[in-house]
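Given next are the chains, with one letter for each unit.
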Amino acid sequence: MSKALQDTSYKLEPDNTSLDRFPGNFGLPIIGHMIEFVKDLRGLVTRQIEKHGAVSKINFMGNKGLLVAGPDAMQKILLDPNRDFSNEMGFKNNLAKFFEGGILLRDFDEHKVQRRIFQSAFKNDPMRTYVQTMNEIMSDDMDAWQDIENFVLFPHIKKTLLTTACKIFVGVERGTPAFDRLYKDYIDMLEGMASIIQIEIPGSKWAKSQAARRDINDFFREQIPAKRKSGDHDFLSFFTKEKMDNGDYFSDEDIVKHMNFLVFAAHDTTTASIINVLYQLALNPEWQERIRQSCKDFATEHNKEALSYDDLEEIADLEHTMLEAQRLHPSVPLAVRRTIREVELEGQKIPAHTKIWLPYFAYYRCSKWWTNAEKFDPDRFGPGREEHKGHSFLFIPFGGGAHKCIGMHFAKIQVKCFLFQFIQRYRFSVPEGYAPWEMLIPMPKPADGLPLKLERITQA
Ligand code: HEM
């Protein structure tokens, strides 16, 4: 085994696309299933499973491989006891164009070494200060929302969370040139990521996003010497001071790559999570009232306007609501890996070097596992029901195994802190008969960004 672990020759092999014996097809010439992927990922995955079973052919822009679904397969792939599945080779032709060397794109022992860079930044004491920062920025921003006509949540929450990320991850304050640079770069980079034509034609979204990526990396590189000497409590400062087992600092290039991926991993996922929580609470006013009351009771009993780090587990309804919104609208619907050797999944032998797509959400609305599966019902996660425990890899919004989301706790904190403040300030609703297109790619959210009618309850 240990010989196999150190052998990285799998990285030199091309993708295996000789998959004739598997059911399904590779879709349209050149683009494969890309149109369905962007327009209706949920429908595509459901149809594939219904028609072809748990394993079937799939093709995204020439990335030919297999779609593999089911809790047993997820467990085997994510826990990966024999080190059969490579993240780096899975993500090579997509995320790697922006995040080569990011922690999600590292394999095995190298991944283990590199993941240590995060350890100080996620300790309890820094987390306490992040909670304070989040609460302050959120409070200022949401107070201003009451004066906005035709309020649409998406651009505002995105701005609030990117502002929070700049401060907590990089120590950059709103209103500074450094903030403006980083803020614009991340908007440009994220906007271009889902481009179908990935050629740097001047002025195109793709070209802008690649230029932004380069500038983000330059920005982090420039900051490293000063951050290493500083006593700052942002992620970049922690990363510059973290050491590997041999006592050396992580290299500047590693720090840059981890920072760039971190801001990406933290940002859109949490933005989507908050949007979908509010979307569901707007559609389900009885739940909105129940959570408002739970938050008010807690606020009154403890005399608090915002949650502190030690309060975060106290209101079970907040946790269950976030999870239920993730079940219906998963922030990360899909992952990808590549086999290193022949493996057996769902009773089928999958050849070496085959890309496999894992639709995490495939069974999140399946009546076999969930009662009234389409219904928003946070209590399904509560004591006595705990439907998510039907299989340990049935519900995996934060993934599992070695690459399980390192920011899960941070993300939950952010959603809970936001909701606690927002729901006590505003009663919110959507237009009568609101039934938007619920997109999944590039971000799961109502496609119109969620227009909300805000009714102020408490005054600023
Ligand atoms: C609702 C919010 C979030 C969701 C649903 C989410 C989900 C996930 C999932 C599913 C993975 C595993 C992907 C895979 O195995 O291919 C992952 C990895 C990761 N997430 Fe999150 N995430 C969220 C927020 C965050 C936040 C706030 C941070 C940082 C503060 C973060 C940092 C990361 C990192 C660094 C990884 C890679 C870990 C590794 O490869 O070792 N995520 N996330």
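Provided above is the structure to which this section pertains.
Here the structure is a predicted model, which means the values were calculated and not measured.

(A) Representation of the site of the ligand in the model. Neighbouring residues of the ligand: 31 residues in total, closest H111, R115, R337, H403 and C405. Here an oxygen atom of the ligand and a side-chain polar atom of R115 are 2.7 Å apart. Contacts to the ligand include Y360, whose side-chain N or O atom sits 3.1 Å from an oxygen atom. Contributions of two or more residues to the shell around the ligand are made by α6 (108-115), α12 (252-283), α14 (316-328), β4 (334-339) and α15 (408-425). Top contributing element to the shell around the ligand by residue count: α12, with 7 residues.

(B) Molecular detail of the coordination of the iron atom of the ligand. Only one protein atom coordinates the iron atom of the ligand: C405 (SG), located 2.3 Å from the metal. The residue C405 is located in the loop between β7 (355-359) and α15 in this model.

(C) Examining the environment of D310 more closely. By the element assignment, D310 lies in the loop between α13 (285-302) and α14. Spatially, the C-alpha atom of D310 lies 8.3 Å from that of R128, the residues being 182 residues apart in sequence. Among the polar contacts made by the side chain of D310, one reaches the side chain of R128 at a distance of 2.9 Å.

(D) The arrangement of the environment of P177 in detail. Mapped onto the elements, P177 comes out in helix α9 (residues 177-192). Separated by 200 residues in sequence, P177 and D377 place their C-alpha atoms 45 Å apart.

(E) Examining the nonpolar core more closely. In this structure, F169, F220, F235 and L278 are the most contacted members of the largest nonpolar core, which totals 139 residues. The element that contributes the greatest number of residues to this core is α12, accounting for 15 residues. Apart from residues lying up to four places away in sequence, F220 is in contact with V170, L182, Y186, L236, V256, M259, N260 and V263.

(F) View of the pattern of salt bridges. Scanning all chains against the criterion turns up 42 salt bridges. In this structure, E88 and K11 form a salt bridge, with 2.8 Å as the shortest nitrogen-oxygen distance. Highlighted residues: E88 in helix α4 (residues 87-90) and K11 in the loop between α1 (2-6) and α2 (34-52), separated in sequence by 77 residues. The partly exposed category is assigned to K11, whose relative accessible area is 26%.

Quick notes on the rules
- Residues numbered from 1 in each chain as written.
- Predicted model: local features only at pLDDT ≥ 70, side-chain atom pairs only at ≥ 80, totals over all residues.
- Heavy atoms only, no water.
- Near = heavy atom within 4 Å.
- Polar contact = N/O pair within 3.5 Å; in protein donor to acceptor, adjacent residues only side chain to side chain.
- Helix = DSSP H or I, 4+ residues; strand = E, 2+ residues; numbered from the N terminus.
- Donors = N, O, S within 2.8 Å, 3.2 Å for Na, K, Ca; no water.
- Core = buried A, V, L, I, M, F, W, Y, C linked by side-chain atoms within 4.5 Å.
- Buried < 20%, exposed > 50% of the residue type's maximum accessible area, 1.4 Å probe, protein only.
- Contact = heavy atoms within 4.5 Å.
- Salt bridge = Lys/Arg side-chain N within 4 Å of Asp/Glu carboxyl O.

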